[in-house]
Structure formats: C-alpha cells, structure tokens
Amino acid sequence: AQKVTQAQTEISVVEKEDVTLDCVYETRDTTYYLFWYKQPPSGELVFLIRRNSFDEQNEISGRYSWNFQKSTSSFNFTITASQVVDSAVYFCALSEAWGNAGKSTFGDGTTLTVKP
Amino acid sequence: DVKVTQSSRYLVKRTGEKVFLECVQDMDHENMFWYRQDPGLGLRLIYFSYDVKMKEKGDIPEGYSVSREKKERFSLILESASTNQTSMYLCASSDSTSGTNEKLFFGSGTQLSVL
C-alpha cells in the first residue's frame, strides 16, 4: 500500500525566511509519480510540480525548489525568501506510474503561515 | 482561463435530505474526481469517472453516488445526508490524452454542513 507522510502539520515563519516542507513516501512500486499542490485560503488546490521517479534531478522554479531523494523516499519542498502570499496548505501526493493522478495518495497537508 | 466550477461554495442541509453537489469543467477533460477533505485526513477519493456514463468507486464511496451524463459535468449525490458527511468537497479533472498521471485541476470546493 502507498503512504505519504507530511510530518509537519503546521509551520509558521516570518516573511523572507526560507522554509522546507517535508514529504516522505512509501511504495513498493519501482516507478511512480510525485506531486505537490498548494491550497490557498480560496480553497482551490493548484498544481506545483510533478516528478517521475526516474528523474532525480532537483527542480527550481523561482523561489520554489524541490529535492527528490529516492534513497530516503523523500520529496521535500523549499520556499526561499518566503512571502505572505505563500501562506497556504501544501499537499504532497504519490501516484502509481501507470495510474491516474486523480487516484493519488495524498498526505495530510502542511499548513504554512508566513507572517509579515 | 481553464476552470473547474463547483456550484456552491457553502451549503447547509438537514439530516436525511438528498444533496446534489455539481461540478463543471470547461477543459474537455475525460477524467473527473470527487474528494472530501477533512482536517488531518488529507484528501480522500470518493468516486471518479474516466468517461461519460462511467463511474468507479474510490476509497470512501459509502453514502455517496455520482452521475456523469455529460462529459463536462460530474455530480456527487448524498442520498440521505448525515452529520458525518459534513466536510469540504473538492472536484477535480484531468486530461488523459497526453498520457498517464496528468496534473489535476481543482474546483474551489463546497463546504457542506449537515445539521
């Protein structure tokens, strides 16, 4: 069975601090996909990134970066120089390779609060 | 701008009522999904559909049914609402023409309270 653990339930930082959201997963599959979604107060989850298990390169997109380490089954998300607009619930999700992202196993989410 | 639209943002119903939650997407996506989101439990899949008139049970289908008569519309039905169905309901869609595991597009959610 697949499992995604986001051990940090809530994180609070002050604006401009860097913050890392942890995601640890369990799967017996050798090929799989990992996702991160952001849910701002408006409620609509927004896709941030998709990563195939074969691709262990780290990804950077502006202030966002992702560190995928297959050896430790982790896919951590770092926000550099956080801003108030980054305040949201962030979900990590895991999907089997030949499946559908809609059937992903989601973590419980991490609530990030960025204070001015 | 592509969109998944859920008909109500907030809904209050009484125990035993039949409740319809509507979801419409304008992206011509084949796949549509209904989740419920509860604090500390993440997102749990209720039902999904890969095509018109097709439906499959997710992880927690008990107490729910769905309808997909048109490609763009996926309805979640609570036949007889109960208080333990008070939750945030999220609809999502995805494209399948580009391959597997395409990203999900979500609606803004419906916060349902059953009294």
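For the structure, check the block above.
Residues numbered from 1 in each chain as written. Chains lettered and ligands numbered in written order. Predicted model: local features only at pLDDT ≥ 70, side-chain atom pairs only at ≥ 80, totals over all residues. Heavy atoms only, no water.

**Comments concerning the overall build of chain A**
Working step 1: In terms of regular secondary structure, chain A is built from 0 helices and 12 strands.
Working step 2: Listed by position from the N terminus, the elements making up chain A come as β-β-β-β-β-β-β-β-β-β-β-β.
Working step 3: For chain A, whose C-alpha radius of gyration is 14 Å, the value lies close to the compact-globule estimate of 13 Å for 116 residues.
Working step 4: Counting over 116 residues, chain A shows a buried share of 46%.
Working step 5: In chain A, of all internal contacts separated by at least 6 residues, the share reaching a separation of at least 24 is 56%.
Working step 6: Accessible surface for chain A amounts to roughly 5,700 Å². Of this, 48% is attributable to carbon and sulfur atoms.
Working step 7: Each charge class in chain A can be summarised by its mean position, and for the 10 positive and 14 negative side chains these summaries are 2 Å apart. (Helix = DSSP H or I, 4+ residues; strand = E, 2+ residues; numbered from the N terminus. Rg over C-alpha atoms; globule rule 2.2 N^0.38 Å. Buried < 20%, exposed > 50% of the residue type's maximum accessible area, 1.4 Å probe, protein only. Contact = heavy atoms within 4.5 Å. Areas by Shrake-Rupley, 256 points an atom, 1.4 Å probe, with all protein chains shown as cover. Lys, Arg positive; Asp, Glu negative; His and termini not counted. Charge placed at Lys NZ, Arg CZ, Asp CG, Glu CD.)

**With respect to the environment of K53(B)**
Residues and elements named next belong to chain B.
Working step 1: Take K53: it is sitting in the loop between β6 (42-49) and β7 (56-57).
Working step 2: With 16 residues separating them in the primary sequence, K53 and E69 have C-alpha atoms 5.5 Å apart.
Working step 3: The contacts of K53, once residues within four sequence positions are left out, are R68 and E69.
Working step 4: Within the structure, K53 has its side chain in polar contact with the side chain of E69 (distance 2.5 Å). (Polar contact = N/O pair within 3.5 Å; in protein donor to acceptor, adjacent residues only side chain to side chain.)

**Points about the interface of chain A and chain B**
Working step 1: On the chain B side, the residues contacting the 24 residues of chain A number 22 residues.
Working step 2: Buried surface at the junction of chain A and chain B, both sides included, amounts to about 1,800 Å², of which 49% is carbon and sulfur.
Working step 3: A per-residue breakdown of the area chain A buries against chain B is headed by L45(A), N100(A) and F106(A), which together make up 24% of the total.
Working step 4: Across the salt bridge formed by R50(A) and E102(B), the nearest N and O atoms sit 3.5 Å from each other. (Buried area = accessible area lost by both parts, 1.4 Å probe. Salt bridge = Lys/Arg side-chain N within 4 Å of Asp/Glu carboxyl O.)

**A few points about the pattern of salt bridges**
Working step 1: Per the counting criterion, the structure on display carries 11 salt bridges over all chains.
Working step 2: Residue R73(B) pairs with E22(B) through a salt bridge whose shortest N-O separation is 3.9 Å. Here R73(B), found in strand β9 (residues 73-78), pairs with E22(B), found in the loop between β3 (19-21) and β4 (23-25); they are 51 residues apart in sequence, far enough to count as distant.
Working step 3: Owing to a relative accessible area of 38%, R73(B) belongs among the partly exposed residues under this scheme.
Working step 4: Residue classification places E22(B) among the partly exposed positions, given a relative accessible area of 22%.
Working step 5: Three or more residues are tied together by salt bridges with common partners; here these are R51(A), D55(A) and E59(A).

**Topic: the state of the cysteines**
Residue and element names in this part refer to chain B.
Working step 1: Applying the stated criterion across every chain yields a total of 2 disulfides over all chains.
Working step 2: For C23, the disulfide goes to C91, at an S-S distance of 1.9 Å. One disulfide, between C23 and C91, carries an S-S torsion of -75° and so falls in the left-handed class. With a gap of 68 residues between them, C23 in strand β4 and C91 in strand β10 (residues 87-94) connect regions that are remote in the sequence.
Working step 3: Residue classification places C23 among the buried positions, given a relative accessible area of 0%.
Working step 4: With relative accessibility at 0%, the residue C91 sits in the buried group. (Disulfide = S-S within 2.5 Å.)

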